[in-house]
Amino acid sequence: MLKQESSGAYRPRCRLSDGSSVPGGLLDFRGERRLPLLIVPDLHARPDFFRTLMLFSLPERYLPPDSTGAMVCELLARSQLRIVCVGDGLHSEAPGYGRWRQALRDYAAGIADGDAMREEMAAGLSLMLMVMRLKCLYPAHFHFLKGNHENILNEEGGGNHGFVKFAAEGAMTAAFMRTYYGESLTAQYARFERLLPVCAVFPQCIVSHAEPETAYSREELIQAPVRPDVTEGLTWTDNGAAQYAGVRRMLRDFLPDAPCARYFGGHRPVHSRYELRDEGAFVQIHNPLEWRAAVVSADGAFDEERDILDITVS
């Protein structure tokens, strides 16, 4: 589906040196119909959050009159909503700390697929199966961007780095996949990750996993699959490490007729509902302890106090 997507208008292809091409790193919806946009922060092995989000009813202010009370999954099916996830599907964060510590003890004892690691991977992979299913069902309206945790092989290079936080998460995940599922499926999952886009531009905003390290052009974003610096700059940039005004330059270059447009991302956790960077142009929305998502109206209106929603069971 991701390969096929790159033949459409909104995902231009990346040119390779041998004259062939692969799906590019940019999703560009500026020429498409305006729709409300639901921005989903880092998922990190939270299938219950994602499932609840699909069954969540958006407030009436975002919807056409005939869709009052509709759930997110229903809006997707009616082509009345776009969704973009900022990435990071695997590796639970603070809620999974105890599980990671037990899995690390098993790993140190030579057990790659102990009970704790099986529980961790069941959460992460069941989430990603939902992501993949929605992408296949609604390819033009559901999107998942590459984050820094989309690195199943725990590789160094190509814009990727190995990952360590509560345990040796990157190495442990790679070992589990090879032990439990084998080399073939692990390699297929890695190919899926490499086909993911790294940035999405909509008529009312821009979204990537992390704050961009610098301002990137349209061509640089398209060529991200062969530009490790671009991939790294959109997935690994730490708080305070981005070039000054880079976000504002990208907003000005891509959306010159939308002076109030914002740039959204996650990556580093926030300690409340959101954090603002680059003089308020960049809105960071990832809180691993809360179930929240942001909605940008079709007309581009966004208020961080009003439009970052708590996702609850109806």
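Refer to the structure presented above.
What counts and what doesn't
Residues numbered from 1 in each chain as written. Predicted model: local features only at pLDDT ≥ 70, side-chain atom pairs only at ≥ 80, totals over all residues. Heavy atoms only, no water. Pairing = 2+ DSSP bridges. Helix = DSSP H or I, 4+ residues; strand = E, 2+ residues; numbered from the N terminus. Axes fitted to C-alpha atoms, helices over the stretch in contact; angles between N-to-C directions. Contact = heavy atoms within 4.5 Å. 1 Å grid on protein atoms, 1.4 Å probe; cavity = no way out; pocket = protein on both sides within 12 Å on 5 of 7 lines; lining within 4 Å. Points joined across faces, edges and corners; volume = space filled by probe spheres on them. Buried < 20%, exposed > 50% of the residue type's maximum accessible area, 1.4 Å probe, protein only. Arc of directions from axis to C-beta.

A. The arrangement of the sheet that holds strand E13 (residues 308–310) in detail. Ordered by their spatial adjacency, five strands build an open sheet running E6-E5-E4-E12-E13, and the pairing between neighbours is mixed. Of all the strands in the sheet, just strand E6 (142–144) and E13 have a single pairing partner and so form its edges. This sheet shows a mean twist of 25° between the axes of neighbouring strands, independent of strand direction. Where strand E4 (residues 37–40) lies against strand E12 (residues 292–296), three bridges are found, and the strand directions are antiparallel. Residue pairing in the sheet places Ile39 in a bridge with Ala294 of E12. In this fold helix H2 (residues 47–54) packs onto E4, strand E5 (82–85), E6 and E12, with an angle of close to 170° to the strand it touches most, E4.

B. Seen up close, empty space enclosed by the protein. All chains considered together, the criterion is met by one cavity of 30 Å³ or more. Roughly 30 Å³ of volume is contained in the largest cavity. Every residue along the wall of the largest cavity is listed here: His91, Ser92, Glu93, His149, Phe163, Lys165, Phe166 and Glu169.

C. How the structure looks around helix H10 (residues 246–254). The complete set of buried residues in H10 reads Gly246, Val247, Met250, Leu251 and Phe254. Seen end-on, H10 carries its buried residues on one side only, within an arc spanning 135°. Looking at H10, the residues exposed on the side facing more than 90 degrees away from the buried face are Arg252 and Asp253. Along its buried surface, H10 packs onto strand E7 (199–202), strand E8 (205–208), helix H8 (218–222), strand E9 (262–265) and strand E11 (282–284).

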